[in-house]
Amino acid sequence: MNTNAGTPTRAIFLILLAMVCISINDMLIKLLSGGYPLHQMVFIRSIIGVGFTALILMREGGISLLRTDQPGLHLIRALLIVVANMTFFAALAVMPLGVATALFFVAPLFITLLAIPVLGERVGVHRLTALVIGFVGVGVMMLPASDFGAVPRGALFLPIIAAACYAGMQVMTRKLGAKSAASAMAIYIQLAFIGVSAVFWVSVGDGRLAAQVESESLVFLLRAWIWPAPEDVWKFAVLGLMSGMIGYCLSQAYRLGDAATVASFEYAALPMAIFLGWIVFGERPGWVMLLGTALIAGAGLYVFARERRRAGVGPAAERPIRRG
């Protein structure tokens, strides 16, 4: 029996809130990318974020919620989202916000592909056709065009790598959501961010490797740590708040709502990114970007529509049982 009939509206609200927070987060990362190393931003935002998430954890049930009998799966999930974020943020340093976000939205197509071996789903001809169309959209986005300015062709693969890792994280969320609280899963992710960025700080935090590379994305990752300027302190504080909100809202939305319905609302981030890129960075979308975006978004939304029609069939349609 479905015990969560009253939760879809809350799940949709949470995923939309997460998209707002992600859009603000990405804008701030891009704003700060010219002066600070990526791993420093990740470390600071996660230190603040884990404190915010800990408050939610205590409200949901306390430290005991962190206990799990699946630590390996949680570790894999956390590392996947760390790689997804690091590669996407590295992309923001060298390409328009809207382009990076549009390419990242092949993630739902990767989720469909991963659901076959991981969740045992069967994918029919309709969804396979949608996958082909979506990846054609990626090919269109790869075409040399004025939309991309001086963006290195290889850098365009960074959001796609991020999308593949994000898809793996979401498939893991489906497997773990019924047994783990959203706040606990968010804290695992924050701790993974802190651990990975701390390793970068210890190993390359002096910036000695940044002078040896030419790629702007690698320079962004490897430049030396510096103390935040007074005018940037509030930006780091907002980044930390957004980090905590994103981790919690994403996990909770996917726990409370079925994956197909919730994920379709992630596409709200696309117009937000294009708008912020235009207003804040002066990035006007051209026809190549708009065509590629339309193909990718259309394919993803069609996949979600097919999954809703198949609701109640197979592992992906199972709704996690809400705790408490």
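Asks: Quick question: what am I supposed to make of the overall build of the protein chain here?
Replies: Broken down by element type, the protein chain carries 13 helices and zero strands. Residue burial in the protein chain is summarised as follows: out of 324 residues, 55% are buried. When contacts within the protein chain are restricted to residue pairs at least 6 apart in sequence, those whose partners lie at least 24 apart make up 87%. Per element, the accessible surface of the protein chain, about 14000 Å² overall, is 70% carbon and sulfur.

Asks: What is the right way to read the pattern of salt bridges from this model?
Replies: Side chains carrying opposite charge are able to pair once their charged atoms draw close together. The final tally for this structure, using the stated rule, is three salt bridges. Measuring nitrogen to oxygen at the nearest pair gives 2.9 Å for the salt bridge that ties D206 to R208. Of the residues examined, R208 reaches a relative accessible area of 45% and is grouped as partly exposed. A salt bridge links D232 to K235; the shortest N-O distance between them is 3.2 Å. Taking the relative accessible area as the measure of exposure, D232 reaches 10% and is therefore buried. Residue class for K235 comes out buried when judged on its relative accessible area of 17%.

Asks: It is not clear to me how the confidence of the model for the protein chain should be interpreted in this structure. Could you clarify?
Replies: Interpretation of this model should avoid reading the predicted coordinates in detail wherever pLDDT is low. On average, residues of the protein chain score 82 in pLDDT, and 86% of them reach the 70 mark or higher. Below a pLDDT of 50 lies the segment residues 1-6, which in the model reaches six contacts outside its immediate sequence neighbourhood of four places, other chains included. Segment residues 312-324 is flagged for pLDDT under 50; beyond a separation of four residues in sequence, or across chains, it makes 34 contacts in the model.

Asks: Before we go on, may I ask you to explain the environment of Q212 in this structure?
Replies: Summarising the element assignment, Q212 is placed in the loop between α8 (182-204) and α9 (216-222). Q212 sits in the exposed class, given a relative accessible area of 61%. Once the C-alpha coordinates of Q212 and L222 are considered, the two residues, ten residues apart in sequence, prove to be 9.8 Å apart. Among the polar contacts made by the side chain of Q212, one reaches the main-chain carbonyl oxygen of R208 at a distance of 3.4 Å.

Rules and cut-offs
Residues numbered from 1 in each chain as written. Predicted model: local features only at pLDDT ≥ 70, side-chain atom pairs only at ≥ 80, totals over all residues. Heavy atoms only, no water. Helix = DSSP H or I, 4+ residues; strand = E, 2+ residues; numbered from the N terminus. Buried < 20%, exposed > 50% of the residue type's maximum accessible area, 1.4 Å probe, protein only. Contact = heavy atoms within 4.5 Å. Areas by Shrake-Rupley, 256 points an atom, 1.4 Å probe, with all protein chains shown as cover. Salt bridge = Lys/Arg side-chain N within 4 Å of Asp/Glu carboxyl O. pLDDT = per-residue confidence, 0-100. Polar contact = N/O pair within 3.5 Å; in protein donor to acceptor, adjacent residues only side chain to side chain.

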